[in-house]
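Read off the chains here:
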There are 2 protein chains.
Amino acid sequence: MPRKVTIQDISRVAGASPSTVSRVLTGNASVSPEKRLAIENAIKQLNYRPSHIARSLKTSTTMSVGLLLNEINNPFYSNVARGVEEVANQRGYSLILCNTNEDPERELQYLHVLQDKQVDGIILGPTGHNVEHIAQLAERTPLVQIDRQIESNKLSAVLVDNEEGGYQAVRAFINKGHRRIALFTWHKPTIPTIAHRRAGYERALREANLPIDPTLVVDIPELTPEHTAELTIALLRQPDPPTALFALNNRIALGVISAISQLGLKMPQEVSLIVFDDLDFFAVVKPAISAVAQPSFQMGEEAMRLLFRQIETPDCPAEIVILPTELILRETV
Amino acid sequence: MPRKVTIQDISRVAGASPSTVSRVLTGNASVSPEKRLAIENAIKQLNYRPSHIARSLKTSTTMSVGLLLNEINNPFYSNVARGVEEVANQRGYSLILCNTNEDPERELQYLHVLQDKQVDGIILGPTGHNVEHIAQLAERTPLVQIDRQIESNKLSAVLVDNEEGGYQAVRAFINKGHRRIALFTWHKPTIPTIAHRRAGYERALREANLPIDPTLVVDIPELTPEHTAELTIALLRQPDPPTALFALNNRIALGVISAISQLGLKMPQEVSLIVFDDLDFFAVVKPAISAVAQPSFQMGEEAMRLLFRQIETPDCPAEIVILPTELILRETV
DNA sequence: TTGTAGGCGTTATCAA
DNA sequence: TTGATAACGCCTACAA
């Protein structure tokens, strides 16, 4: 097994000092054409690649950023990840992927790892916990929140207008004449997105002078399709069932759709449905499912751009970007 | 901005030499209880965290592995990623996420980055190119292929029995009396999975003494839903259309399902459908879509376990793990 | 423009 | 059990 080739080897072969080799590597200082050529040849010849680690130790910059997400296997987040990756890659940065599963302890653990590995920045879809730790961390390393913003802090964030998205969806229902509109929400008080979507729901009802009926909001503790479907079926079998259903995220939608299928209900004739967060399949299935689309890919891109701004300019003020949602009315409403 | 606290600071505060501090950090050597206590206190007091970079430079091990995938935003790959992450995290490893978009150049570029960052191992969903480079790389760093195996090499891999999966699906069609079974495949000669699935299709037909009709195989150049739907519609409008459709991956399925919806065809009365690769939504939608399920999460777990074995034992022989698929017959066949 | 020397924060070797 | 000392591979004053 050949020993790793280092800058010393290049120096020897090219007949130049290590510093000169380093100079052509980094490219900031000036080097005579002959030396440069000799060095470049030696590099090619020995198939030399600079050690990123040694470089990092010296410069204390790693060209990598942490990407901390709740569930990478949720299409929403995996599209965010794609967006982040796209712009990170363009600038030669790499991503350290961390998945929390909504587990605060795991989030904290990963936050430590990222700190230990001295990432140049962090993109964080927060669980909603570890608030103080995150605030402190952000003082030392650039950090931008994505999807959810911890209420108490004023760190940079890329969000979506959840309240307005929720409002528009319910507004669409009301315009179609619906009066009993059910809300399927996730019982997680630490997650602001859900709360904002729900606030939009309530605003639309209030504006239309409709009562906010607590029996129409289903607060789901655990997001399995089975569990959600069960609760949905129970609601739909009540004496005066809702005519419109609003599922607050794509995981909830799974259960709600399952319930509708099981009951054999026709959409939109017997129930209407809008899902917060659009999925590819919603557009091709019959009937095509209406959704509040979030620009997930762009959120990722924007978050990474924001992070770069923070990395590049030391005391960059925090920025909060709020992207619009798009209500896509298809065949279920 | 406080300077980073190092092992020197701990050494000073605890009244021990840096080497002793290092000893309690790594935990292999023996240290007297008093010193250990003093050091541990100092560590807590100064909130010290060892520099992973410095450690890596010294030990030339980074506790991170590269995860090189074709499209992280495809549910199949994002579930693989979750599986990989799960077992990597258990052992304190972190993941460098690389997305190729099926682009060989990008794959090569990322391979270089991973090498430069001296990852301890690589999990690779290969594009099918860069064959020699990968073979060479694998001599120096542990590497396991996932989902697809480059034909010419004998490196470790975690795969699925694509041929058998394809066979079973078509077999199910035949058992239901179908005679004209269309295949929707992706025109990418470098991808073995697709080829094997197709081989399974052909085996089932041959076995049932059915002709392999080239007009029934649709070779899709570009996997947009629109394009695929167009080709599907064209096929279904022919004089003697197929009665069963087999989509060879979830992206193709999108277009095929779109076509069926557009044509208003009833499943399974008017056409049957099986998709290779199962998605959450297939189970809840009406009619529920039949699929050949791949154990994507487990593939990720297994790949990471395999990689660990390679990392730990120097001359570990290559292992090839082939996981079974599961044919899930729902309502579309 | 070039080279020498020192250090980034650890760990490992060697004596004591 | 402990402490000097020397790397790991690179970058960067500083001096020439």
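Residues numbered from 1 in each chain as written. Chains lettered and ligands numbered in written order. Predicted model: local features only at pLDDT ≥ 70, side-chain atom pairs only at ≥ 80, totals over all residues. Heavy atoms only, no water.

Side note on the sheet that holds strand S12 (residues 326–328) of chain B
Residue and element names in this part refer to chain B.
Here comes step 1: With mixed pairing, the six strands of this open sheet are ordered in space as S7-S6-S8-S9-S10-S12. Two strands bound the open sheet, and with one partner strand each, they are strand S7 (217–220) and S12. Averaged over all adjacent pairs, the angle separating strand axes in this sheet is 15°, with direction ignored.
Here comes step 2: The sheet contact formed by strand S10 (residues 290–293) and S12 spans three bridges and is antiparallel. Each bridged residue has a counterpart across the sheet, and for Val292 the counterpart in S12 is Leu327.
Here comes step 3: Where helix H8 (residues 162–175) meets the sheet, it contacts strand S6 (181–186), strand S8 (244–247), strand S9 (272–276), S10 and S12, and its direction lies at approximately 170° from that of S9.
Here comes step 4: Contacting S6, S7 and S8, helix H10 (residues 225–236) crosses the sheet at an angle of about 160° to S7. (Pairing = 2+ DSSP bridges. Helix = DSSP H or I, 4+ residues; strand = E, 2+ residues; numbered from the N terminus. Axes fitted to C-alpha atoms, helices over the stretch in contact; angles between N-to-C directions. Contact = heavy atoms within 4.5 Å.)

Structural notes on the protein's contact with DNA strand D
Here comes step 1: As a matter of local geometry, DNA strand D sits amid 23 residues, with Ile7, Tyr48 and Arg55 of chain A together with Arg23 and Ser30 of chain B nearest to it.
Here comes step 2: For DNA strand D, the fraction of atoms within 4 Å of the protein that belong to sugar or phosphate moieties is 62%.
Here comes step 3: Take the surface near DNA strand D: its biggest share by element is four residues, from helix H4 (residues 52–59) of chain A.
Here comes step 4: Within the surface near DNA strand D, the residues separate by chemical class into eight nonpolar, 10 polar and five charged. (Near = heavy atom within 4 Å. Nonpolar A, V, L, I, M, F, W, Y, C, P; charged D, E, K, R; others polar.)

Quick notes on the interface of chain A and chain B
Here comes step 1: Listed by partner, the interface residues are 51 residues for chain A and 51 residues for chain B.
Here comes step 2: Where chain A abuts chain B, roughly 4,900 Å² becomes buried across the two surfaces, and 58% of that area is made up of carbon and sulfur atoms.
Here comes step 3: Counting the surface chain A buries against chain B, the share from its top three residues, Ile53, Lys117 and Phe281 of chain A, is 14%.
Here comes step 4: Joining chain A to chain B, the criterion identifies six salt bridges.
Here comes step 5: A salt bridge links Glu85 of chain A to Arg106 of chain B, with the nearest nitrogen and oxygen atoms 2.8 Å apart.
Here comes step 6: Taken together, chain A and chain B are joined by 28 residue pairs in polar contact (both at pLDDT 80 or more).
Here comes step 7: Broken down by secondary-structure element, the contributors of at least two residues to the side of chain A that touches chain B are H4, helix H5 (75–90), strand S2 (94–99), helix H6 (104–116) and helix H11 (250–263) of chain A.
Here comes step 8: Ranked by the residues each element gives to the side of chain A that touches chain B, the list is headed by H6 of chain A, at seven residues.
Here comes step 9: Sheet analysis places S2 of chain A next to strand S2 (residues 94–99) of chain B, joined by three bridges and oriented antiparallel. (Buried area = accessible area lost by both parts, 1.4 Å probe. Salt bridge = Lys/Arg side-chain N within 4 Å of Asp/Glu carboxyl O. Polar contact = N/O pair within 3.5 Å; in protein donor to acceptor, adjacent residues only side chain to side chain.)

What to know about the domain arrangement of chain A
Here comes step 1: Taken domain by domain, chain A holds domain 1 (7–50), domain 2 (60–160 + 296–322) and domain 3 (162–294).
Here comes step 2: Centre-to-centre, using C-alpha coordinates, domain 1 of chain A lies 37 Å away from domain 2 of chain A. (Domains from an automatic or database assignment.)

Comments concerning the pairing of strand S6 (residues 181–186) of chain A
Residues and elements named next belong to chain A.
Here comes step 1: Where burial is concerned, most of S6 is hidden: six out of the six residues are buried.
Here comes step 2: In the sheet, S6 pairs with strand S7 (residues 217–220) via four bridges, with the strands oriented parallel. Directly across from Leu183, in S7, lies its bridge partner Val217.
Here comes step 3: Handedness of the crossover joining S6 and S7 through helix H9 (residues 192–207): right-handed. (Buried < 20%, exposed > 50% of the residue type's maximum accessible area, 1.4 Å probe, protein only. Right-handed = clockwise from strand over helix to strand, strands pointing away.)

Re the relation of the copies chain A and chain B
Here comes step 1: For these two chains of identical sequence, chain A goes onto chain B by a turn of 180° and a shift of 0.0 Å along the axis, with RMSD 0.1 Å. Each copy turns onto its partner about a two-fold axis. Proximity to the rotation axis, assessed at the C-alpha, singles out Ile96 of chain A in chain A; its C-alpha lies 2.3 Å from the axis. (Least-squares fit on C-alpha atoms with pLDDT ≥ 70 in both.)

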